[in-house]
Amino acid sequence: MNAWEEVQGVEHGSGVRASSQNARTYFQGVRIDNVSAQQALHVVETHLANHDRRNALRVFFPNVHSIHLARQDKEFLSCINEADLLLPDGSGLMIAGKILGRPIVENLNGTDFIPKVLQRAEERGWSVYLFGALPHIIEECRNRIQAAHPRLKIVGHHQGHIPEGEDSSIIADINEKAPNIILVALGSPLQEKWVARNAAKMNAGVCFAVGGLFDFLAGKYRRAPVWMRRIGAEFIYRFVQDPRSKWRRLLIEQPLFLMLVFGERFIPRRARSFSNRSTKGN
Ligand code: UDP
C-alpha cells in the first residue's frame, strides 16, 4: 500500500496517527513521513473531523538543523520521533533522499505548507491560535494573516519569549479558546519540546511547530526569490539576512549532515560501526 492509499485508509477508520507509517523513512535517526502536501493536509483534515479534543496531533518539520540537534540530544530525538506527523523541511533532506535512494516526495517546509493550512482553515471555519516570537512580531503577524484571510477565526495569540517552564498560563488561555489549530513558533528544539510536553493537556486539534514562520509572515525576514527556492538555496538567503544566528547552520551543520549522508551511502555499515566504536573509546 503506498502513502496515498494509506492516507485514504484514514477515512476508513485505520487511525490518523498510523496514516503515514508505510511512507516512513529515517535520516540519521530522525523519522520522516514521506508524504505530499495534499496527503498531509488530508491527515490534518481527517484528524480535525474525528479527534478527541484532549490529545492534539503533533506535527513537526524536521530539517538539517533539527537533525543536527537531535544527534546530540537524545531527549529531543525521542520527542521528534514520537510526533504524529513529521514533514520533510528543506533542500538538505531532498539531496539526502536522492543520494540514499529514498527520494523525498515533496519539500514541505512550514513557510510554504502553513499558508495552505490557513487557507483550508478559512474555508472550513477552523479556529487558529498563534504562539511564539517577539510581542511586536506576533501582533504584526496576526494582523497580516487576518488581512490575507478575512474570514479566518484567529481566536488568540501569545508572544513566545517567556520564562522557562511557565506553560500553565498559556495552556489555560489556549484551553479557554479551544482552537482547532495551534501554530507554535519558538525555534528548535524549544518548540518541539514544548509541544511534546503539552499536547496531551491542550483542548486543541492540531499543533504545528513552525520555527521562524511568524518572522517571515510579519515581514521581518524576506523569502528567497522563487528561482533560489527552486534550486534549494533558500538557506543561503536566510543566512545573508541573519548571519549572526545562522552561520553555524551554513558552515557546520549542512556540510556535516552531507558528510554523514555520503558516509552512509558509500562506507559499508561494518566499517562505520567500527569507526564509531573506536571514536567512543578515545
Ligand atoms: N522564539 C521565541 N521564544 C524563545 C526563543 C525563540 O518565541 O524563547 C522565537 C523567535 O522570536 C523567532 C523563532 O522563535 O521568532 C525562532 O526562529 P528561528 O528562525 O530560529 O527558528 P527555526 O525555523 O530556524 O527553527
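Here, every reference points to the structure presented above.
The shown structure was predicted, so the numbers you read here are calculated from the model rather than taken from an experiment.

Trainee: Break down the sheet that holds strand E7 (residues 181-185) for me, citing the residues and quoting the values.
Mentor: Strand order in the open sheet formed by six strands is E4-E3-E8-E7-E5-E6, with parallel pairing between adjacent strands. For this open sheet the edge positions go to strand E4 (85-86) and strand E6 (153-158), each flanked by a neighbour on one side alone. Relative to strand E8 (residues 206-209), E7 runs parallel, the two being bridged by four bridges. Opposite Ile181, over in E8, you have Val206 as the bridge partner. The strands touched by helix H8 (residues 168-177) within the sheet are strand E5 (127-132), E6 and E7, with E6 carrying the most contacts at an inclination of about 170°.

Trainee: Give a detailed account of the pairing of E5, specifying residues and quantitative values.
Mentor: Counting buried residues in E5 gives five out of six residues, a clear majority hidden from the surface. Pairing of E5 with E6, which is carried by five bridges, proceeds in the parallel orientation. Of the residues in E6, the one forming a bridge with Tyr129 is Gly156. Taking the sense of rotation as the criterion, the β-α-β connection linking E5, helix H7 (residues 135-148) and E6 turns out right-handed. Two strands pair when backbone bridges link them, and E5 and E7 are joined in this way by five bridges, in the parallel orientation. Its bridge partner lying in E7, Gly132 is registered against Ala185.

Trainee: Which residues make up unusual backbone geometry, and what values go with them?
Mentor: Residue Pro189 is reached from Ser188 by a cis peptide bond, and omega for that bond is 5°. Note on placement: Pro189 falls in the loop between E7 and helix H9 (190-198). The phi torsion at Gln28 lies on the positive side, around 50°, for a residue other than glycine. One can find Gln28 in the loop between strand E1 (24-27) and strand E2 (30-33). Overall, Gln28 belongs to the partly exposed group, with 16 C-beta atoms counted inside 10 Å. At Ala133, a residue that is not glycine, the phi angle is positive and equals roughly 70°. Checked against the element boundaries, Ala133 lands in the loop between E5 and H7.

Trainee: Before we move on, can you summarise the environment of Lys201 with the specific residues and values?
Mentor: The residue Lys201 is located in the loop between H9 and E8 in this model. Separated by 146 residues in the primary sequence, Lys201 and Asn55 have C-alpha atoms spaced 7.1 Å apart.

Criteria and thresholds
Residues numbered from 1 in each chain as written. Predicted model: local features only at pLDDT ≥ 70, side-chain atom pairs only at ≥ 80, totals over all residues. Pairing = 2+ DSSP bridges. Helix = DSSP H or I, 4+ residues; strand = E, 2+ residues; numbered from the N terminus. Contact = placed C-beta atoms within 7 Å. Axes fitted to C-alpha atoms, helices over the stretch in contact; angles between N-to-C directions. Buried ≥ 20, exposed ≤ 12 C-beta atoms within 10 Å, placed from the backbone. Right-handed = clockwise from strand over helix to strand, strands pointing away.

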